[in-house]
Amino acid sequence: MKQLMIENSLFIIILLFPSYLFLNKVSCGINKIEIKKYEYRVLEGLRGICSLLVVFHHYFWRLDPQSKWSIDYLNGSIYKYLIVMMGQIPVCFFFILSGFLFFNQVGRLKSIAIFYIKRLARIYPSILLSLVFSIIISSYINGQLNFEISGFYSLLPFVNTYFEGSSYGAVPIYLINNGIMWTLVWEIRLYISIPILDFFNKYLANKLFLILICVVVTFIIRCCGFISDQSSSFIMLFIIGFLASAIKSYTLTNQPSKIIAITFVCIAFSLFNNGRIYNFYSVFIFLPVFLTMVYEYKIWSFLKFNSFQYLGMISFSLYLYHGCFQYLFSEKITNPYLWLIISTLLLSVLMPFIYKSIEVQLSDKIKYKLLR
């Protein structure tokens, strides 16, 4: 019975994917959202498709009504492997994308204060309001509002915290927002590292040497047991983004021979993995794939379509809010296919509005007040 549910859900997701793209594009048009003039259009499309895959990945964590938040019911089947990859691979690309984009700023920072103001004004209004929305949804589902500043503070992502165990009232936060805050903790750690890398870059003639130092340091602290293998893989994903940025700056045109050589080196490194995606060695395999996107190989041309560009633009809002919608409808509707369809289609219509009102307008106002 559960296998049939999984198969049916996968079929519905295949149908929902183009439906989401279409409705999201229409909603972006209604909200008068213009596609950004972005140098890396393929990467913008990649960001969008990864966000939507994470939405569908988290659906399966809620599919089993007995556990409410587990994929143990998949019992090691091929479906479990596919569903796990549906979530882990997009997260890997999120981290690589961030490393790639922010490493471009190394050596160019004129003011660290301005750098942090822009970043915090860009992400924190959305984070704060998504948590407020989570509290509202939780209060509605559980029939009581018990707001506490201290409890709210514990939900915020900072450089040294995780949130799987945090809760609002009696409800763990991961049940409400799908536990997405842990990735933002790592993003904030990246923000902390950029000014540090910028400082050391002044004393190094070659950025590749700086990247090599980052790899060696990560390897050493991993081997010494200061960080877990999984944590080292997250750091390495950022570093892979750094490396892709450096390679791009040194080779301005398509270099298939160099990418092929890099591919073989990365495959050799990845063979030392232990069968998991989040592993120090296995993440190397993402570098050659990502480089084909950076150089915009024709195989990725579909990511330049307007539908994927719009999806990329609203991807952060989609990432922050999708758990709240899934939590709300999964608690109110017993049919898993129905709440999947309703929550997904509602997200496609509402996320462009949230993107424009919070990520663009509110963030711009905050930046203007802080920087004037």
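Here's what I pulled together on the structure shown here. Numbers given to residues run from 1 along each chain, matching the order in which its sequence is written. With the structure being a predicted model, the display of local features is reserved for residues of pLDDT at least 70 and the display and counting of side-chain atom pairs for 80 or more, all residues being used for whole-chain, interface and lining totals. Hydrogens and water molecules were not included; the side-chain quantities draw on all heavy atoms of the structure.

### Digging into the overall build of the chain
Part 1 of the reasoning: Starting at the N terminus, helices and strands are each numbered in turn, a helix being any DSSP run of H or I of at least four residues and a strand any DSSP run of E of at least two. Helix and strand counts for the chain stand at 14 helices and 2 strands.
Part 2 of the reasoning: The reference for a compact globule is 2.2 Å times residues^0.38; the radius of gyration itself is calculated from the C-alpha atoms. The C-alpha atoms of the chain give 21 Å as radius of gyration, which agrees with the globular expectation for 372 residues (21 Å, within 12%).
Part 3 of the reasoning: C-alpha extents for the chain along the principal axes are approximately 60 × 55 × 45 Å.
Part 4 of the reasoning: Under the scheme applied here, a residue whose accessible area is under 20% of the maximum for its type counts as buried, over 50% as exposed, and between as partly exposed, the area being computed with a 1.4 Å probe on protein chains only. Going through the 372 residues of the chain one by one, you find that 51% of them count as buried.
Part 5 of the reasoning: Whether two residues touch is decided by their heavy atoms; if any such pair falls within 4.5 Å, the residues are in contact. Considering only intrachain contacts with a sequence separation of at least 6, the fraction spanning at least 24 residues in the chain is 81%.
Part 6 of the reasoning: Surface accessibility in these figures is a Shrake-Rupley result with a 1.4 Å probe; residues are shielded only by whichever protein chains are displayed. Working note: accessible area of the chain is about 17,800 Å², and carbon and sulfur atoms make up 67% of it.
Part 7 of the reasoning: Charge assignment: positive for Lys and Arg, negative for Asp and Glu; neither His nor the chain ends contribute. In this description, the location of a charge corresponds to atom NZ of lysine, CZ of arginine, CG of aspartate or CD of glutamate. Charge centroids of the chain, computed over 30 positive and 15 negative side chains, lie 9 Å from each other.

### Here's the deal with the nonpolar core
Part 1 of the reasoning: The biggest cluster of nonpolar side chains holds 123 residues, and the ones touching the most others in it are Leu-46 and Phe-290.
Part 2 of the reasoning: Of the residues forming this core, the biggest block, 15 residues, is contributed by helix 3 (residues 78-103).
Part 3 of the reasoning: Residues in contact with Phe-290, not counting those within four places in the same chain, are Leu-43, Leu-46, Phe-93, Ile-96, Leu-97, Phe-100 and Ala-244. Here, the term nonpolar core denotes a set of buried Ala, Val, Leu, Ile, Met, Phe, Trp, Tyr and Cys residues that are joined through side-chain atoms within 4.5 Å.

### Quick word on the packing of helix 1 (residues 2-30) against helix 3
Part 1 of the reasoning: Inter-axis angles, ranging from 0 to 180 degrees, are taken between N-to-C directions of lines fitted to C-alpha atoms, where helices are fitted over the stretch in contact. Between helix 1 and helix 3, whose axes approach to 12 Å, the crossing angle comes to 40°. Classified by the angle their axes make, helix 1 and helix 3 are oblique. For helix 1 against helix 3, the interelement crossing comes out left-handed. Side by side, helix 1 and helix 3 meet where Gln-3, Ile-6, Glu-7 and Leu-10 of the first sit next to Tyr-79, Ile-83 and Met-86 of the second.
Part 2 of the reasoning: Considering only residue class, the contact of helix 1 with helix 3 consists of 5 nonpolar, 1 polar and 1 charged. The cut-offs work like this: below 35 degrees is roughly parallel, past 145 is roughly antiparallel, 65 to 115 is roughly perpendicular, and the gaps in between are oblique. Note: crossing handedness is left-handed where the near helix turns anticlockwise from the far helix by less than a right angle, and right-handed where it turns clockwise. Gly is put with the polar residues, along with every residue not named as nonpolar or charged; the nonpolar set is Ala, Val, Leu, Ile, Met, Phe, Trp, Tyr, Cys and Pro, and the charged set is Asp, Glu, Lys and Arg.

### Overview of the pattern of salt bridges
Part 1 of the reasoning: The term salt bridge refers to a pairing of a side-chain nitrogen on Lys or Arg with a carboxyl oxygen on Asp or Glu at a separation within 4 Å. Taken as a whole, this structure holds 7 salt bridges when the rule is applied.
Part 2 of the reasoning: One salt bridge connects Asp-229 with Arg-222, and the closest N-O pair in it is separated by 2.8 Å.
Part 3 of the reasoning: The residue Arg-276 makes a salt bridge to Asp-229 at a minimum N-O spacing of 3.1 Å. With a gap of 47 residues between them, Arg-276 in the loop between helix 10 (256-270) and helix 11 (286-294) and Asp-229 in helix 9 (residues 229-250) connect regions that are remote in the sequence.
Part 4 of the reasoning: When its relative accessible area of 37% is taken as the criterion, Arg-276 is described as partly exposed.
Part 5 of the reasoning: Via salt bridges that share partners, Lys-36, Glu-44 and Arg-47 belong to a single interconnected network.

### A few points about helix 3
Part 1 of the reasoning: For helix 3, which comprises 26 residues, the first-to-last C-alpha distance of 37 Å matches the rise-based estimate of 38 Å (1.5 Å per residue) to within 8%.
Part 2 of the reasoning: Note that bend, as reported per residue, equals the angle between axes fitted to the 7 residues terminating at that residue and the 7 residues originating from it. Of all the bends in helix 3, the largest measures some 25° and sits at Met-85. Between the first and last residue of a helix there are one fewer steps than residues, each counted as 1.5 Å, and that sum is the expected span.

### Quick word on the side chain of His-57
Part 1 of the reasoning: When you line up the elements, His-57 lands in helix 2 (residues 41-61).
Part 2 of the reasoning: Accessibility expressed as a relative area gives 9% for His-57, which makes it buried.
Part 3 of the reasoning: Separated by 3.0 Å, the side chains of His-57 and Trp-61 make a polar contact.
Part 4 of the reasoning: Residues contacting His-57, with those up to four places away along its chain left out, are Ile-83, Val-84, Met-86 and Gly-87. Any pair of nitrogen or oxygen atoms within 3.5 Å is treated as a polar contact; in protein, a donor-acceptor pairing is required on top of that, and neighbouring residues in sequence qualify only through side-chain atoms on both sides.

### A word on the packing of aromatic side chains
Part 1 of the reasoning: Pairing of aromatic side chains here covers Phe, Tyr and the six-membered ring of Trp, requires ring centres within 6.5 Å, and sorts the geometry by plane angle: under 30 degrees stacked, over 60 edge-to-face, intermediate tilted. One pass over the structure, following the stated rule, counts 30 aromatic pairs.
Part 2 of the reasoning: Note on Phe-102 and Phe-115: the rings are 6.3 Å apart at their centroids and 90° apart in plane angle, and the pair reads as edge-to-face. Of the two residues, Phe-102 sits in helix 3 while Phe-115 sits in helix 4 (residues 112-142), which places them 13 residues apart along the sequence. Like Phe-115, Phe-102 is buried.
Part 3 of the reasoning: Ring geometry for Trp-186 and Phe-234: centres 5.3 Å apart, planes at 65°, overall edge-to-face. Taken together, the residues span a long stretch of sequence, with Trp-186 in helix 7 (residues 181-201) and Phe-234 in helix 9 at a distance of 48 residues.
Part 4 of the reasoning: Judged by relative accessible area, which is 5%, Trp-186 ranks as buried.

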